[in-house]
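# Summary of structural features
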Amino acid sequence: MIKVAIVGASGYTGVELARLLHAHPEVEIACVTSRQNVGEELAALFPSLHGAITQVCDDVDVDLVCAKADFIFTALPHRTAMAVVPAFLQAGKRVVDLSADYRLREVSVYEQWYQAHTSPELLAEAVYGLPEIYRDKIAPARLVANPGCYPTSVALALKPLLVEGLVDVSTLVVDAKSGTSGAGRAAKVASLFCEVNEGFKPYGVAGHRHTPEIEQTLGDVAGAAIRLTFTPHLLPVNRGILSTCYAQFTAALSVADLRAIYRKHYEREFFVRLLPEGVWPNIANVRGSNFCDLNLTLDPRTGKVIVAAAIDNLVKGAAGQAVQNMNLMHGFEERLGLAQLPLFP
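Residues numbered from 1 in each chain as written. Predicted model: local features only at pLDDT ≥ 70, side-chain atom pairs only at ≥ 80, totals over all residues. Heavy atoms only, no water.

### Things to note about the packing of aromatic side chains
How two aromatic rings sit relative to each other is set out by the distance from centre to centre and by the angle between their planes. For the record, the criterion: Side-chain rings of Phe, Tyr and Trp, where Trp is taken by its six-membered ring, are said to pair if the distance between their centres is within 6.5 Å; with planes under 30 degrees apart they count as stacked, over 60 as edge-to-face, and otherwise as tilted. We count a charge as sitting over a ring when the NZ of a lysine or the CZ of an arginine lies within 6 Å of the ring centre and within 35 degrees of the ring normal.
Counted according to the given criterion, the structure contains eight aromatic pairs. These aromatic residues form a ring-pair network of at least three members: Phe 270, Phe 271 and Phe 291. Across from the ring centre of Phe 291, 4.3 Å away, lies the NZ or CZ of Arg 273, which sits over that ring. The side chain of Arg 335 reaches across the aromatic face of Phe 270, ending 3.9 Å from its centre.

Written out as structure tokens, the structure reads:
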């Protein structure tokens, strides 16, 4: 059994990690931390864990965490994560970091979109943890930067098009929507029920922090620099990401040909499901699961290809993908602890 720590367990991602890891046959949750809730049972913060997880929240003490756990998930906000990740690595621990602190390879890009980086020497070492693209690099890594939720959905939606060179990359547009859990558990006016319920709005227009992460990953896949238009929207639901991607199609192929290409790329990827023709991804159909549902078509009037992807932002977009990465890093079967079907209704 691997003894794991969830550093930053009091947020939505933290409780989702606890839920998934509790059911993992090769894992023991040995330590949970929360600076705001030291001494409280995690199940008191999240009654959904009652009777199953009895850990009491520790402070974020590096020596204490390292004494209790062999493997560490850091589910902390950006900037907070980089304050502890180097110490965990120095102590010989392997880390999956769920913040944005190690996702971008160029320190100048990180500092343009976030703030000053205190451990830039680790950026070149950190492996971006999207298994469907970087699987071979993840397995031996000691630091994996777990992807953001929007970037996960967009990369999986567009990978086959970019690998095969089927679109004009200068025309890429992504219209994406997220449930409110993506904003975190901290009290914010913009996330209050009355502010969100019966509303629907864009945010982070022409400046969302996931933009450079999306461009970096798509650039790796395409083998060329990518610049795209990315506009996220806030949905009045708890969970889910739906990303609809558009680009000018440059190949003389039919929809059937294009679907065959997607099947070829994802036929061995358990967590990527290409839906039947005409059945479009719905966030309700991936809720609570590590699946990404995809579908696509061609618009004959405009020459555009349209690809839609749905994931649960807390699972494939965060905690589930983190467990998938841990499985790879420890040589476990990749779907271990993650093969459960989505919740419906």
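So, next bit.
### Comments concerning the pairing of strand 9 (residues 229-234)
What counts here: Three labels apply to residues, based on accessible area from a 1.4 Å probe with only protein chains included: buried if under 20% of the type maximum, exposed if over 50%, partly exposed otherwise in between. In this text, helices come from DSSP runs of H or I with a minimum length of four residues, and strands from runs of E with a minimum of two, each type numbered from the N-terminal end. A pair of strands is considered paired only if DSSP assigns at least 2 bridges between the two.
For strand 9, a buried count of five out of six residues is recorded, marking the element as mostly surrounded by other parts of the structure. One ladder, built from six bridges, connects strand 7 (residues 167-178) with strand 9; its direction is parallel. From the neighbouring strand, Asp 175 faces strand 9, where its bridge partner is Thr 231. Pairing analysis gives two bridges linking strand 8 (residues 201-202) to strand 9, with the strands arranged antiparallel. Residue pairing across strands places Lys 201 opposite Leu 234, the latter belonging to strand 9.

### Considerations on the pattern of salt bridges
Applicable threshold: A side-chain nitrogen of Lys or Arg and a carboxyl oxygen of Asp or Glu constitute a salt bridge if their distance falls within 4 Å.
As enumerated under the stated definition, the model contains 15 salt bridges in all. Taking the shortest distance from any N to any O, the salt bridge between Glu 269 and Arg 135 comes out at 2.7 Å. Separated by 134 residues along the polypeptide, Glu 269 in the loop between helix 10 (255-266) and strand 11 (272-274) and Arg 135 in helix 6 (residues 131-138) bring together distant segments of the chain. Owing to a relative accessible area of 12%, Glu 269 belongs among the buried residues under this scheme. On the basis of relative accessible area, Arg 135 is assigned to the partly exposed category, the value being 25%. Here Glu 164 ties to Lys 264 by a salt bridge, and the two come within 3.0 Å at their closest N and O atoms. Here Glu 164 is found in the loop between helix 7 (149-163) and strand 7, whereas its partner Lys 264 is found in helix 10, with 100 residues between them in sequence.

### Considerations on the pairing of strand 12 (residues 292-299)
For strand 12, the buried fraction is high: six of the eight residues fall into the buried class. Bridge count between strand 11 and strand 12: three bridges; the pairing is parallel. The residue of strand 12 that forms the bridge with Leu 274 is Leu 294. Looking at chain direction, strand 12 and strand 13 (residues 304-311) are connected through seven bridges and run antiparallel. Note that in strand 13 the partner of Thr 297 across the bridge is Ile 306. The hairpin turn running from strand 12 into strand 13, its antiparallel successor, is four residues long, and Gly 303 in that turn takes a positive phi close to 75 degrees.

Read these as layout, nothing more, since geometry by itself doesn't imply function.
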